[in-house]
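The primary structure of each chain is shown beneath.
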Amino acid sequence: MDKILVHICCGVDAVWALRKIKEEFPDSQIKGFFYDPNIHPEEEYELRWIETKRVCDSLGIECIKGEYDLDNWLERVKGYENEPERGERCSICHDIRLERSAQLAKELGFNKMTTVLMMSPKKDFEVLKNIGETVARKYGIEFEAIEFRKGGGIEKMNQLSKQQQLYHQNYCGCIYGLFKQRQGLEIIPELVSFGKGRIPGSREELLFIKQIRSFAENLGLPCVEQSFEFIGWRIISSIMKLGKQPVPHTVLPYSSSIKGILRGKIVDITELEDKFIAKLNKSNTQIWQLKSNLKEVSLEKPRFLTNPVFIVGQDINLEIGKKVEFQLKTEFDPQAKSQNLIIGDVNSEQKIFFHSDTLPDGTEGVDISEVLMVISKNKEKIKDKQLAVVVLGAKTVGNIGKDVFLQEYGNRVVIQ
Ligand code: SF4
């Protein structure tokens, strides 16, 4: 019996390719090998892994997760950073991934290998075939060059990927390709971590959802993702000074940028139940002083008034007449994406709600183990359609996921 090790780079490329391999080699043992040290950043690597695993699990194919040896990859492509896609850097990148796959195939006693990289319309089939055959020969195994794209392969891949709601990356994977693709942008969002948590619309938030989905599907539970777009907001940099002293602060979501430096004086302080609001002699910028220690603040409803709001803790001495100075750079993304995840039948009478995002400092979040425990404990009830677990996205910026969920299923649920 043939034993085939399949190098896998992502779930989308694997979803049809693995079926095709099963079809062409029905009596063979097939094992996946996810090996992508080229992927940047690591959260993206984890996302591609979880989606690969989801595809393999759905087909009953075991998949090994390779090492994320990024340093070695960077060392090997040194000198080729500026090459275009499909150039010399890509050949080395394929070489690294396929050679490690051939080596592992040999170690595991497999006699054949292939790669789902040949699925991608952006990759050169002949180049991959040559590299695959060369490295396989070196380890005394055979390389199967499979024409996954032929016979409507791309359409089948797109169809299946849509059906399984797979994460579809929009760049090949490495930092150098990404630099080229995002040329002209002031910042490359994929390479910047905007906080320690899972901010709405981030890769971290999506990874959280995909990990839960993978867990639930492995318990045989039906899952549906409800994707939605919203106006995303990120803080790039901020400075606040009282007198001449910098002050520890946070910024309320959806605060707009300040041009240059804003200098003013506090002219009014109003006390509310949970905070003081200080207004300035010029501009609509406000200072909120919490009646607690400094923390990030989430929004109950989306905020359409985008005047900048700086937040300080109770230890700061705010006084009328005090001079203040602000700098603020923020960014809006009109096409940020988030998603709700529904595990089980949405018509089930009982529902348990969680949310997937956190504030930038990681607070107000739910621990994934808590969600997995609830799913695991209630799996029979979920199967029997007595209970559904719903994970809502983009909560901290105004409960947007909840609104999207209610718009579609509103007459059937009450969310506490
Ligand atoms: S563009 Fe893609 S194939 Fe080329 S080096 Fe980067 S990750 Fe590898």
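Residues numbered from 1 in each chain as written. Predicted model: local features only at pLDDT ≥ 70, side-chain atom pairs only at ≥ 80, totals over all residues. Heavy atoms only, no water.

What to know about the environment of Glu126
Item 1. Relative to the helices and strands, Glu126 resides in helix H5 (residues 125-138).
Item 2. A relative accessible area of 44% places Glu126 in the partly exposed class.
Item 3. Placed 19 residues apart in sequence, Glu126 and Ala145 show a C-alpha to C-alpha distance of 8.9 Å. (Helix = DSSP H or I, 4+ residues; strand = E, 2+ residues; numbered from the N terminus. Buried < 20%, exposed > 50% of the residue type's maximum accessible area, 1.4 Å probe, protein only.)

Some thoughts on the state of the cysteines
Item 1. Throughout the structure, instances matching the rule amount to 0 disulfides.
Item 2. No disulfide involves Cys63; its nearest neighbouring cysteine sulfur is the one of Cys56, lying 4.0 Å away.
Item 3. Given the relative accessible area of 16%, Cys63 is considered buried. (Disulfide = S-S within 2.5 Å.)

Thoughts on unusual backbone geometry
Item 1. Residues His40 and Pro41 are joined by a peptide bond in cis, for which omega reads -10°.
Item 2. Among the structural elements, Pro41 can be located in the loop between strand E2 (29-34) and helix H2 (42-59).
Item 3. One non-glycine residue, Gln165, lies in positive phi territory at about 50°.
Item 4. Among the structural elements, Gln165 can be located in the loop between helix H6 (153-163) and helix H7 (175-181).
Item 5. Look at Gln165 and you get partly exposed, because its relative accessible area is 24%.
Item 6. The backbone of Glu364 sits at a positive phi, close to 65°, despite the residue not being glycine.
Item 7. Within the secondary structure, Glu364 is located in the loop between strand E14 (350-355) and helix H9 (368-377).

Let's talk about the site of the ligand
Item 1. Around the ligand, the structure places Asn38, Trp73, Glu85, Arg89, Cys90, Cys93, His94, Arg97, Cys172 and Cys174.
Item 2. Among the elements that take part in the shell around the ligand, helix H4 (residues 88-108) stands out by supplying 5 residues, more than any other.
Item 3. Here the residues of the shell around the ligand sort into 5 nonpolar, 2 polar and 3 charged. (Near = heavy atom within 4 Å. Nonpolar A, V, L, I, M, F, W, Y, C, P; charged D, E, K, R; others polar.)

Brief notes about the domain arrangement of the protein
Item 1. Here the protein is described as being made up of domain 1 (3-192), domain 2 (215-228 + 336-412) and domain 3 (232-333).
Item 2. Here the C-alpha centroids of domain 1 and domain 3 sit 47 Å apart. (Domains from an automatic or database assignment.)

Regarding the pattern of salt bridges
Item 1. Counting across every chain of the model gives 29 salt bridges.
Item 2. Between Lys20 and Glu24 there is a salt bridge, and its shortest N-O distance comes to 3.4 Å. With Lys20 and Glu24 both in helix H1 (residues 11-24), this residue pair falls 4 residues apart, about one helical turn.
Item 3. Residue classification places Lys20 among the buried positions, given a relative accessible area of 15%.
Item 4. Given the relative accessible area of 41%, Glu24 is considered partly exposed.
Item 5. When salt bridges with common partners are traced through the structure, they connect Glu51, Arg54, Lys210, Arg213, Glu217 and Glu225 into a single cluster. (Salt bridge = Lys/Arg side-chain N within 4 Å of Asp/Glu carboxyl O.)

Some words on the packing of aromatic side chains
Item 1. In total, this model carries 11 aromatic pairs according to the counting rule given.
Item 2. Each ring, one from Phe228 and one from Phe230, has its centre 6.2 Å from the other, and the planes form 50°; the classification is tilted. In this structure, Phe228 and Phe230 share a single accessibility class: buried.
Item 3. Taking 5.8 Å as the distance between ring centres and 80° as the angle between the ring planes, the aromatic pair formed by Phe353 and Phe405 counts as edge-to-face. One end of the pair, Phe353, is in strand E14; the other, Phe405, is in helix H11 (residues 400-409), with 52 residues separating them in the sequence.
Item 4. Judged by its relative accessible area of 0%, Phe405 is buried. (Phe/Tyr/Trp six-rings, centres within 6.5 Å; stacked < 30°, edge-to-face > 60°.)

Focus on empty space enclosed by the protein
Item 1. For the coordinates displayed, the defined rule picks out 1 cavity of 30 Å³ or more.
Item 2. Considering only enclosed or pocket space, the largest cavity measures out at about 90 Å³ in volume.
Item 3. As for the largest cavity, its lining consists of 13 residues, and the residues nearest its centre are Cys90, Cys93, Arg97, Cys172 and Cys174.
Item 4. Here the lining of the largest cavity gets 5 residues from one element, more than from any other, and that element is H4. (1 Å grid on protein atoms, 1.4 Å probe; cavity = no way out; pocket = protein on both sides within 12 Å on 5 of 7 lines; lining within 4 Å. Points joined across faces, edges and corners; volume = space filled by probe spheres on them.)

Description of the layout of surface pockets
Item 1. Considering only enclosed or pocket space, the largest pocket measures out at about 1100 Å³ in volume.
Item 2. Breaking the lining of the largest pocket down by element, the ones donating at least two residues are H2, helix H8 (203-218), strand E6 (223-242) and strand E13 (323-343).
Item 3. When residues in the lining of the largest pocket are grouped by element, the largest group, 6 residues, is from E13.
Item 4. Here the lining of the largest pocket is built from residues that sort into 13 nonpolar, 14 polar and 11 charged.
Item 5. For the lining of the second largest pocket, the secondary-structure elements that each account for two or more residues are H1 and H6.
Item 6. Here the residues of the lining of the second largest pocket are counted per class, giving 9 nonpolar, 7 polar and 7 charged.

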